[in-house]
Structures are given as structure tokens and as C-alpha cells.
Amino acid sequence: METDEQARNRFQAELEFVQCLANPNYLNFLAQRGFLRERPFINYLKYLLYWKEPDYAKFLKYPHCLHMLELLQYEHFRKELVNAQCAKFIDEQQLLHWQHYSRKRTRLQQALAEQQQQQALPHGNAVSK
Amino acid sequence: MAAVAERSTKERLFSVLDDLEVLSRELIEMLALSRSQKLPQPGEDVQILELLVQRDREFQDLMEVARQQGKVHQEMQLLEKEVEKRDSDIQQLQKQLKEAEHVLATAVYQAKEKLKSIDKARKGSISSEEIIKYAHRISASNAVCAPLNWVPGDPRRPYPTDLEMRSGTLGHMANLPTNGVNGHLPGDALAAGRLPDVLTPHYPWQSSDISVGMLPPHHSNDFGLEPPGHNKENEDDVEAMSTDSSSSSSDSD
């Protein structure tokens, strides 16, 4: 039986490890060294699914890792990760998705600015007359 | 049975009429004959008359019977109509009952579904404050939304970078120098990370301050066997993954 101290360390380690799974390059690293083919590792990935529960999920800083963890449960995904192009594609898509909100926000701000400009113009003309 | 063998009133009426016809014909013939010659049988005309009267009486009786049968028949028809009406009423009620049952069954089913979803929602309920706090945490660190001034070339990412990984608990576990512990990163890792000695960066994604009371789920067994029987954790494998140096976790205590 492990002590509380050991359990806390294990918690820390598992917290970090599960978040590392958000990094597609790391996943590619693991795949190329054959870890994703080993049965104990696959079982460990299934065990890690406990991070999806709200009590544990609130400690995650990089929530993308949960999606990756779910995908890693599928053998097809694990096999594909051996290709560097696959990892690169995932990385690109992840970055684009990451930028989605900021792009949306800038667009909204632009739209708002344009609207204000348009409102300002007629008033300006009326005053000048 | 006797009732079936009996002749119907109509037949009896017709037969009586036939008799009457025959008798009256004979009588008329006799009367016609008696004009020209004497009656061969003296009592025959009386006989025929008597038979005639008798037949007539029978006829009257049968007519009375027929009249009464007609009344009974009418009553029967009325009753039949009543029965038909009642039948259709019952069918109507049956239809309405079926419809009502259907509507109620649907209502009950939908109510049950609603209760199920209420239960489900209640189970997953989290205080809004916690959710807002969490949202703040993951947004402030740019973990889910890129910083507004991000350009390609910026090292920030939505996942822990190599640097962050190496400087975490896992990195420390794997990189322990064989020549003693001093809490600093070993030389090669330092060179790779280009960090000065004094800096031991502690990134918030490790969150050791927040998670003081938190323990991971129990699994005292080996992951080599098939789940769900999670067996003794194969810690050696776990540590070997972050880098390719091999040291067991027991060293970290």
C-alpha cells in the first residue's frame, strides 16, 4: 500500500503526464518509440480517463489533453501517430483552433469599429451643415 | 324440434285459402248442377257448407295470429334498432378510451424522460462560481485561446512545451543526476533548456499548491494485465517515457 506522500507524488506525476498528451509532438515521440503499442501503456491510458471527472478536471490547465486522451483510446489513432505528417497536421489544426477565439474577437471588434464609424459620419455631416 | 317442423303462418294461411277456394268451387259446381239435376248425395252441400264455415273460422284465427305476429315483429325491429344504437355508443366509448389511453401513455413516457434528464442534470451540476473560476484559469494562461498578439514564431502553445515538460515533476524524476540530489537541473538538461542555475521554473500547470489534499484513484496493481482488473502500476514504464533515462520512482523520495 502506498503512503499519502507517495500518492500525492503520483497525483502530481499523473497530472503532468496527462497534460503532456496535449502535445502532438510528444505523442509522435511516444508512437515512434513503440510505447503506444504496449498493452500496459494502453491500459494506463484507459486508467487515465479519470481526469475527465469534474473533481479532477478542475486541475487541468491544458484541457486539450482530454480530447487527445479520448482519441488515444482508439487503436487506429495510436497507429497513425507514428507518422510525422500526422503529428504535424494535428499540431496545425490545434493551433488554428486555438486562434479561433482571438480571430473571432478581432473580427467582432472590427465590425463594432466600422459600425461606430458609420454612425459618426451622418452626424458629422448634419452638424457641418 | 317441434318448432322447426311446424309450418309457418304464411303457409298455413295459403293452404287454408286453397281449401276455401276448392270448397267454394265445389259448392258453386254443386249449385250449378243442382239446377239441372237432383243432388246425388243429399247431405253433401251441407257438408261442404260446414267445411266452408270451418275453413273460414280457421282463416280468421290464422289472420289474428298473423296480426299478433306482425306486432311482435315490429317490437323486435324497434328493439334491434335500440341494440344497434347502444352498440355504436359502446364503440364510440371504446375509441375514446383508446385515444385517452394513448395520450396518457405518451404523457407518462415524456414525463419519465424529463425526470431522467432532470436527474442527469442534477448529477452533473457544478457551482457556477467554480466554473467561472476555472474559465478564468484556463483563459488567463492562454491555454485555450491564443494571445491576441500571437504570430507564427511565438513559442507559446496550447500544450506544455518541451521546456515545461522537462522542468516539471516528471522531468525531475527522470533527470535525477546519479551524483546526488541538489534540486537543480542536471548539466545537460540545463544546456538544452538554456536556463541559469538559480531558476527552477515552476509552471502553474503542475498546480501543487492547489491540489494539496488531492489523491489519484487507487490502483495498486500492474497495468500489464487486461483491464478492468487494474493491477500493480508499472512505474518504471511511466518514468522512462518522459526522457530516455531510466530511474525508478523510488529514488525520488
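Residues numbered from 1 in each chain as written. Chains lettered and ligands numbered in written order. Predicted model: local features only at pLDDT ≥ 70, side-chain atom pairs only at ≥ 80, totals over all residues. Heavy atoms only, no water.

### What to know about helix α3 (residues 44-123) of chain B
Residues that lie three or four places apart on an α-helix share one face, since the helix turns once every 3.6 residues. Residue and element names in this part refer to chain B. Over its 80 residues, α3 runs 115 Å from end to end, which matches the ideal 118 Å to within 8%, given 1.5 Å per residue. Turning to α3, its buried residues are I48, R55, F59 and L62. Looking at the buried side of α3, the elements it contacts are α2 (9-36). (Helix = DSSP H or I, 4+ residues; strand = E, 2+ residues; numbered from the N terminus. Expected span 1.5 Å × (residues − 1). Buried < 20%, exposed > 50% of the residue type's maximum accessible area, 1.4 Å probe, protein only. Contact = heavy atoms within 4.5 Å.)

### Some details on the interface of chain B and chain A
Residue-level contacts link 53 residues of chain B with 53 residues of chain A. Both sides of the chain B and chain A interface together cover about 5000 Å² of buried area, and 66% of this is carbon and sulfur. Our enumeration of links across chain B and chain A arrives at zero salt bridges. Connecting chain B to chain A are eleven residue pairs in polar contact (both at pLDDT 80 or more). (Buried area = accessible area lost by both parts, 1.4 Å probe. Salt bridge = Lys/Arg side-chain N within 4 Å of Asp/Glu carboxyl O. Polar contact = N/O pair within 3.5 Å; in protein donor to acceptor, adjacent residues only side chain to side chain.)

### With respect to the confidence of the model for chain A
In the predicted model, chain A carries a mean pLDDT of 89, and the fraction of residues at 70 or more is 95%. Of all secondary-structure elements in chain A, the lowest mean pLDDT belongs to helix α7 (residues 84-128) of chain A, at 85, while helix α5 (residues 64-72) of chain A reaches the highest, 94. (pLDDT = per-residue confidence, 0-100.)

### Focus: the packing of aromatic side chains
Centre distance and the angle of the planes are the two values used to describe a pair of aromatic rings. Residue and element names in this part refer to chain A. By the definition in use, this model includes 14 aromatic pairs over all chains. On the basis of an interplanar angle of 35° and a centroid distance of 5.7 Å, the ring pair of Y44 and Y47 is categorised as tilted. In this pair, Y44 and Y47 both sit in helix α3 (residues 39-47), three residues apart, roughly one turn of the helix. This pair shows no difference in class: Y44 is buried, exactly as Y47 is. Measuring from ring centre to ring centre gives 4.7 Å for Y50 and Y56, while their planes differ by 80°; the resulting arrangement is edge-to-face. Residue Y50 is classed as buried on the basis of its relative accessible area, which comes to 6%. (Phe/Tyr/Trp six-rings, centres within 6.5 Å; stacked < 30°, edge-to-face > 60°.)

### Topic: the nonpolar core
Residues L21(A), L48(A), W51(A) and L81(A) are the most contacted members of the largest nonpolar core, which totals 38 residues. Contributions of two or more residues to this core are made by α1 (4-20), α2 (24-32), α3, α5 and α7 of chain A together with α6 (169-175) of chain B. Per element, the largest residue contribution to this core is six residues, and it comes from α1(A). Here L48(A) is in contact with E14(A), F17(A), V18(A), L21(A) and L69(A), once residues within four sequence places are set aside. One finds L13(B), V16(B), F59(B) and L62(B) within the second-largest nonpolar core, a separate group that totals five residues. (Core = buried A, V, L, I, M, F, W, Y, C linked by side-chain atoms within 4.5 Å.)

### Digging into the state of the cysteines
In the structure shown here, the tally under the stated rule is zero disulfides over all chains. C65(A) forms no disulfide, and the closest cysteine sulfur to it belongs to C20(A), at a distance of 9.3 Å. (Disulfide = S-S within 2.5 Å.)

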